[in-house]
Amino acid sequence: MQLFYSPTINETTETFTFDKEESKHIIKVLRKKDSDLLYVTNGLGFLFKTEITLASDSKCTVKIISFEKTPPSKFRLHLAVAPTKMNDRYEWFLEKATEIGIHEITPIICDHSERKVINNERFDKILLAAMKQSNELYLPKLNPAITFKEFVNNSNENVKMIAHCEDADKKTFKSVLQPNQNITLLIGPEGDFSEKEIALALSNEYIPVSLGNTRLRTETAAIVACHSVVFVNED
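Caption draft 1: Quick look at the pattern of salt bridges. Enumeration according to the criterion identifies nine salt bridges in this entry. Among the ionic pairs, Arg76 bridges to Glu104, the shortest N-O distance being 3.0 Å. Within this pair, whereas Arg76 is found in strand β6 (residues 76-81), its partner Glu104 is found in strand β7 (residues 104-109), the two being separated by 28 residues in sequence. Residue class for Glu104 comes out buried when judged on its relative accessible area of 10%. Ionic pairing is found between Lys96 and Glu95, a salt bridge with its closest N-O pair at 3.0 Å.

What follows is the structure in structure tokens.
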């Protein structure tokens, strides 16, 4: 199944038109024509079966034939991950985490961060492309970048964890994980979290965890964590 996306389509929609860029892709590149079927999601769990009624490369129009909704997962994973020095590594993380099944991502600016500015528009496009490629019906939420202190002082998920590399008393990630949890996990930059940041997280009831016996890159740690949570919640 090839999946298309429209954020404006919902249960009451009868017909709608793709924007010019998507219309051109559908008609010129994919060579779709009148009466061809297209499957569309709005990123909120809905899958719409549609039929092309106007095969125009400037305004491809479809009518809704039927729709169904996939229930949201019983768990929720929010990764707060420091931007990496090399931007392509963070983009790789966004793509793969979307394919695996993440729910929310917040870039956090830390004491040791070498990159403090991100391109949300580009990141949004990566998430969208990964959602469509993997036939995922829920588009992950990408938050604006925020400082570590602001994030830690305002997070409210049921289970909050921080993965750091300091020699300290830490639990294994797998020992903390349980099915159907709402989880927030902090993952730091290349230079790890500062001692001050770790102390602040602990004072805000974050559980210190280890993701394994080896020292992982930021983006690798994020993917390991994402897969671990999804794996624990598999039926």
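Caption draft 2: Highlighting helix α3 (residues 120-133). An ideal rise of 1.5 Å per residue puts 20 Å on 14 residues; α3 measures up with 20 Å between its terminal C-alpha atoms. What α3 keeps buried is the set Phe123, Ile126, Leu127, Ala130 and Met131. Down the axis, α3 shows its buried residues gathered within 130 degrees of arc, on one side only. For α3, exposure combined with an orientation more than 90 degrees from the buried face picks out Glu121, Lys125 and Gln133.

Caption draft 3: Structural view of the nonpolar core. Ranked by size, the top nonpolar core spans 33 residues in total, and within it Leu79, Phe93, Met161, Phe173 and Leu185 carry the most contacts. Broken down by secondary-structure element, the contributors of at least two residues to this core are β6, α2 (87-100), α3, β10 (159-163), α5 (173-176), β12 (182-187) and α7 (218-232). Here this core takes seven residues from α7, the largest share from any one element. In this structure Phe93 touches Leu79, Val81, Ile105, Glu219, Ala222 and Ile223, once residues within four positions along its chain are discounted.

Rules behind the numbers
Residues numbered from 1 in each chain as written. Predicted model: local features only at pLDDT ≥ 70, side-chain atom pairs only at ≥ 80, totals over all residues. Heavy atoms only, no water. Salt bridge = Lys/Arg side-chain N within 4 Å of Asp/Glu carboxyl O. Helix = DSSP H or I, 4+ residues; strand = E, 2+ residues; numbered from the N terminus. Buried < 20%, exposed > 50% of the residue type's maximum accessible area, 1.4 Å probe, protein only. Expected span 1.5 Å × (residues − 1). Arc of directions from axis to C-beta. Core = buried A, V, L, I, M, F, W, Y, C linked by side-chain atoms within 4.5 Å. Contact = heavy atoms within 4.5 Å.

Functional significance is not addressed by these values, which are geometric in nature.
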